[in-house]
Amino acid sequence: MTDPVTRAAELLKDHRESIDRLDSILVYTLGERFKHTQAVGKLKAEHDLPASDPAREAQQIARLEELAEKANLDPKFARKFLNFIIQEVIQHHKQHKT
């Protein structure tokens, strides 16, 4: 039998290992997402389409808020996170136009 402090340290280590794995998944997933948004940006530039699509962005935000609720994640946080990503994507799209 282990003492409570040792057990807590083991649990902390397990949680941190899970967090590290999840961080890796997030980074690789964002990398994959940005590969697609870069392709979209090039396509938009080639066809002189606007970098931003407010209707699509609103749909995505609503969809992510719904997913967040189902995943027990704060929808406001999900909205902020997606807004940050959208702004990055728009900046990338604008770079393709120049």
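Refer to the structure above for everything that follows.
A.B. asks: Mind laying out the pattern of salt bridges, listing which residues take part and the relevant values?
C.D. replies: Within the structure shown, the criterion is met by five salt bridges. Of the charged contacts, one joins Glu-17 and Lys-13 as a salt bridge, the two residues approaching to 2.8 Å between their closest N and O atoms. Of this pair, Glu-17 and Lys-13 both sit in helix α1 (residues 4-46), four residues apart, which is roughly one turn of that helix. The class of Lys-13 is partly exposed, set by a relative accessible area of 49%.

A.B. asks: Explain the layout of surface pockets residue by residue, including any values.
C.D. replies: One number sums up the size of the largest pocket: a volume of about 500 Å³. Residue lining of the largest pocket: 18 residues in total, with Leu-26, Leu-64, Leu-73, Phe-81 and Ile-85 positioned closest to the centre. Mapped onto the lining of the largest pocket, the elements with two or more residues apiece are α1, α2 (54-70) and α3 (75-97). Ranked by the residues each element gives to the lining of the largest pocket, the list is headed by α1, at six residues. Its residues assigned to classes, the lining of the largest pocket shows 14 nonpolar, two polar and two charged. Roughly 360 Å³ of volume is contained in the second largest pocket. Lining the second largest pocket we find 16 residues, and of these Arg-33, Thr-37, Arg-56, Val-89 and His-93 sit closest to its centre.

Analysis parameters
Each chain has its residues counted from 1, running along the sequence as written. Local features are withheld for residues below a pLDDT of 70 in this predicted model, meaning they are given only at 70 or higher, and side-chain atom pairs are given and counted only at 80 or more; totals for whole chains, interfaces and linings count all residues. As a rule here, side-chain values come from all non-hydrogen atoms in the structure, and water together with hydrogens is ignored. Whenever a carboxyl oxygen of Asp or Glu lies within 4 Å of a side-chain nitrogen of Lys or Arg, that contact is scored as a salt bridge. Elements are defined by DSSP. Helices are runs of H or I of four residues or more, strands are runs of E of two residues or more, and each kind is numbered from the N terminus. Buried, partly exposed and exposed residues are distinguished by accessible area as a fraction of the type maximum, computed with a 1.4 Å probe on protein chains only: under 20%, between the cut-offs, and over 50%, respectively. Cavities and pockets are found on a 1 Å grid laid over the protein atoms alone: a cavity is a set of points where a 1.4 Å probe fits but cannot escape, a pocket is an open set with protein on both sides within 12 Å along at least five of seven lines, and a lining residue has an atom within 4 Å of such a point. Grid points are joined across faces, edges and corners, and a volume is the space filled by probe spheres set on the points. Classification used: nonpolar for Ala, Val, Leu, Ile, Met, Phe, Trp, Tyr, Cys and Pro, charged for Asp, Glu, Lys and Arg, polar for all others including Gly.

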